[in-house]
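Analysis of the macromolecular model
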Amino acid sequence: MSRALTRIAHEILESNHGARDLVVLGIPTRGAVLGARVADAIGRIDPEAAGLAAGTLDVTMYRDDLRRQPTRTPAVTRMPEGGIDGKTVVLVDDVLYSGRTVRAALDALADHGRPAVVRLAVLVDRGHRELPIRADFVGKNMPSSREERINVRVAEIDGTDAVVIES
Amino acid sequence: MRHLLSTRGLALDEAVHVLDVAEEMAETQLREVRKLPTLRGKTVVNLFFEDSTRTRISFEAAAKRLSADVITFSAKGSSVSKGESLKDTAQTLQAIGADAIVIRHQASGAPQVLATSGWIDAAVLNAGDGTHEHPTQALLDAFTLRRRLHGADSRGRDLDGVTVLIVGDILHSRVARSNLWLLSLLGARVVLVAPATLIPHGAHGWPCEIRHDLDEALAEFRPDAVMMLRIQAERMRDAYFPSEREYARQWGLDSARLSALGSASIVMHPGPMNRGLEISAAAADSPQSTVLEQVANGVSVRMAVLYLLLSGERAAGGAGERAQGEKEAER
């Protein structure tokens, strides 16, 4: 997992031509942890970006499936100090599946400001998109069946780093 | 939660959860765009049989910030009363397609009737019923208290070790009752201070202490917060105290008592205030006063309650299977 995240960090720096105006936003819960790690990795690679802090972007209030599920608890949103106007925002999440979380994230982002560019980084892309959304940076493509569940576990929350497929 | 009728009977984790969600709602109110799309397509009806300024406006603002449609119905001056006509009103609202009904009523228990009668499917929020309860007021008071004491660290915490004096017209106050249940649930020590005539008969069985002398109570408990209640002249049909001047002198929060309180303690009032009666202008406008904070926090807390009552699967049919898959996948 750490190799995949480091590679994503390199790719982000490459596509952005450095760390200028870069903002990393993780989507809670696991995405927020991964976002922080990606920001760390970017800081290690590019001394200019040392201390780059990841923010978090909660999308609960923007979801399109709120009335179909048990009530979700909104998580914390932390925007970086300089805001996101005119910045390159990289959204980070653990698993990309239907694309609906990312759609909600784009809506949420618009209420915080107007970034110059928005990119998407995910640890796992499992396919089955329901919306015209794709990731710019992917840790691993994992073709899956809809019947399977793909759970990302991270040490900060689950005690261990792992990607688990359950069928 | 299906309805919010009272704070009595809430579970501790439920109460803390509402306050935590309110913290997130408060964050969203600092943004440039304060409106969230969350309750788009939902209809919230404000059904007010009794006068109100801040509660009605606050609920309206909360619902609108969550993109719900708001219909405000004021029964002032109409012949609407309990029983059959409340039923008719409720069924009219049902026919209009109300998803939530925020009700204020002069009769204790009216929201309970609305929620349990089977007349309607909507979620019922009690916005004050008679002398019974006013749960969102207590939640916003607890929220304000928690924020003042713990600041950014508030999430997940209760009010363990906090002492709150509730002073004044306890007898007619639904705010006092709701606060008593909620604050003691959250672990706070509650002391009621009032002339013996304004303490309800059953109060000796409540989880609180009772004092009749404000100065002694201030010295004895060194409270973290003093909550001054409005003298509800409109509900008073007897003489409960000799005169307003005497009440203000004995139980009003004046400058001397404000300084006796110390600068770390806060002064709360649910509004509307009778300046010069239960609270002096100096106390109401002091830095310790949270009166306006309480109003601002009220919107966040009501957003949280509306969100918790109106999102989630209420009579969701058919889509369940798919939603399950989606949820798993998105996490």
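Residues numbered from 1 in each chain as written. Chains lettered and ligands numbered in written order. Predicted model: local features only at pLDDT ≥ 70, side-chain atom pairs only at ≥ 80, totals over all residues.

1. Some details on the overall build of chain A
Formally: To qualify as a helix, a DSSP run of H or I must reach at least 4 residues; to qualify as a strand, a run of E must reach at least 2; elements of each kind are numbered from the N terminus. Each residue is classed by its C-beta neighbour count within 10 Å, where at least 20 other C-beta atoms makes it buried, 12 or fewer makes it exposed, and intermediate counts make it partly exposed; the C-beta atoms are placed from backbone geometry.
Along the backbone of chain A there are 4 helices and 7 strands. Going residue by residue from the N terminus, the α and β elements of chain A occur as α-β-α-β-β-α-β-β-β-α-β. Its C-alpha atoms give chain A principal-axis dimensions of roughly 45 × 35 × 30 Å. Per-residue burial for chain A yields a buried fraction of 44% across its 167 residues.

2. Digging into unusual backbone geometry
The linkage connecting Pro28 of chain A with the following residue, Thr29 of chain A, adopts the cis geometry, with an omega of 5°. Mapped onto the elements of the fold, Thr29 of chain A is located in the loop between strand E1 (22-26) and helix H2 (30-45). A cis amide bond links Gly271 of chain B to the next residue, Pro272 of chain B, at an omega of -10°. Note that Pro272 of chain B resides in the loop between strand E9 (266-268) and helix H10 (281-284). The residue His17 of chain A is not glycine, and still its phi comes out positive at about 55°. Locating His17 of chain A in the fold gives a position in the loop between helix H1 (2-15) and E1. For His17 of chain A, a count of 8 C-beta atoms within 10 Å gives the class exposed. Despite not being glycine, His128 of chain A shows a phi value in the positive range, around 65°.

3. Quick word on the domain arrangement of chain B
All names here are of chain B. Note the threshold: Residue ranges for the domains trace back to a domain assignment, done automatically or taken from a database. Once C-beta atoms have been placed from the backbone, residue pairs whose C-beta atoms lie within 7 Å are recorded as contacts. We call Asp, Glu, Lys and Arg charged. Ala, Val, Leu, Ile, Met, Phe, Trp, Tyr, Cys and Pro are nonpolar, and the rest, Gly among them, are polar.
Split into domains, chain B comes out as domain 1 (12-133 + 295-313) and domain 2 (135-291). A separation of 25 Å is found between the C-alpha centroids of domain 1 and domain 2. Contacts between domain 1 and domain 2 engage 23 residues on the former and 22 residues on the latter. Mapped onto the side of domain 1 that touches domain 2, the elements with two or more residues apiece are helix H1 (12-28), strand E4 (123-129) and helix H11 (291-310). At 8 residues, the largest contribution of residues to the side of domain 1 that touches domain 2 is made by H1. Considered class by class, the residues forming the side of domain 1 that touches domain 2 number 9 nonpolar, 8 polar and 6 charged.

4. Here we look at the nonpolar core
Defined as follows: Think of a nonpolar core as buried Ala, Val, Leu, Ile, Met, Phe, Trp, Tyr and Cys residues, each tied to the set through C-beta atoms within 7 Å.
The biggest cluster of nonpolar side chains holds 143 residues, and the ones touching the most others in it are Val38, Leu91 and Ala121 of chain A together with Ala100, Ile101, Val167 and Leu306 of chain B. Discounting chain neighbours no more than four positions away, the residues touching Ala121 of chain A are Ile8, Ile12, Val38, Val90, Leu91, Val92, Ala135, Asp136 and Phe137 of chain A.

5. Re the environment of Gln106 of chain B
All names here are of chain B. Looking at the secondary structure, you find Gln106 in the loop between strand E3 (100-105) and helix H4 (110-116). Since 17 C-beta atoms lie within 10 Å of it, Gln106 is described here as partly exposed. Not counting residues within four places of it along the chain, the set of residues in contact with Gln106 comprises Phe49, Glu50 and Gly130.

6. Focus on the pairing of E3 of chain B
All names here are of chain B. Worth spelling out the cut-off: At least two DSSP bridges between two strands are needed for those strands to be called paired. Classification remark: right-handed applies to a crossover when, strands pointing away from the viewer, the course from the first strand over the helix to the second runs clockwise.
Burial within E3 is extensive, with 6 of its 6 residues counted as buried. Along E3, one buried face is formed by Ala100, Val102 and Arg104 and the opposite face, lined by Ile101, Ile103 and His105, is buried too. Pairing of strand E1 (residues 43-48) with E3, which is carried by 5 bridges, proceeds in the parallel orientation. If you follow Asn46 over to E3, its bridge partner there is Val102. In the sheet, E3 pairs with E4 via 5 bridges, with the strands oriented parallel. By the bridge assignment, Ile101 is partnered in E4 with Val124. Handedness of the E3-H4-E4 crossover: right-handed.

7. Overview of helix H5 (residues 135-150) of chain B
Residue and element names in this part refer to chain B. Counted only if it meets this: Expected helix span is taken as 1.5 Å per residue step, with the number of steps being one fewer than the number of residues.
Between its terminal C-alpha atoms H5 stretches 22 Å, which fits the 22 Å expected from 16 residues at 1.5 Å a residue. Of all 16 residues in H5, 13 are buried, a share of seventy percent or more. Following H5 by one or two positions, Gly151 adopts a phi angle in the positive range, close to 60°.

8. Things to note about the sheet that holds E4 of chain B
Residues and elements named next belong to chain B. Heads up, the rule is: For helices, the axis comes from a line fit to the C-alpha atoms of the stretch in contact; other axes are also lines fit to C-alpha atoms, and the angle between any two N-to-C directions lies between 0 and 180 degrees.
Ordered by their spatial adjacency, 4 strands build an open sheet running E2-E1-E3-E4, and the pairing between neighbours is parallel. Single-partner strands in this sheet number two, and they are strand E2 (69-74) and E4. In this sheet, neighbouring strand axes are inclined to one another by 15° on average, regardless of whether the strands run parallel or antiparallel.

9. What about the pairing of strand E3 (residues 88-96) of chain A?
Residue and element names in this part refer to chain A. With 9 of 9 residues buried, E3 is to be regarded as a mostly interior element. Inspection of the sheet shows E1 paired to E3 by 5 bridges, in the parallel sense. The residue of E3 that forms the bridge with Gly26 is Val92. Sheet topology places E3 next to strand E4 (residues 117-125); 8 bridges connect them, and they run parallel. Bridge pairing links Leu96 to Asp125 in E4.

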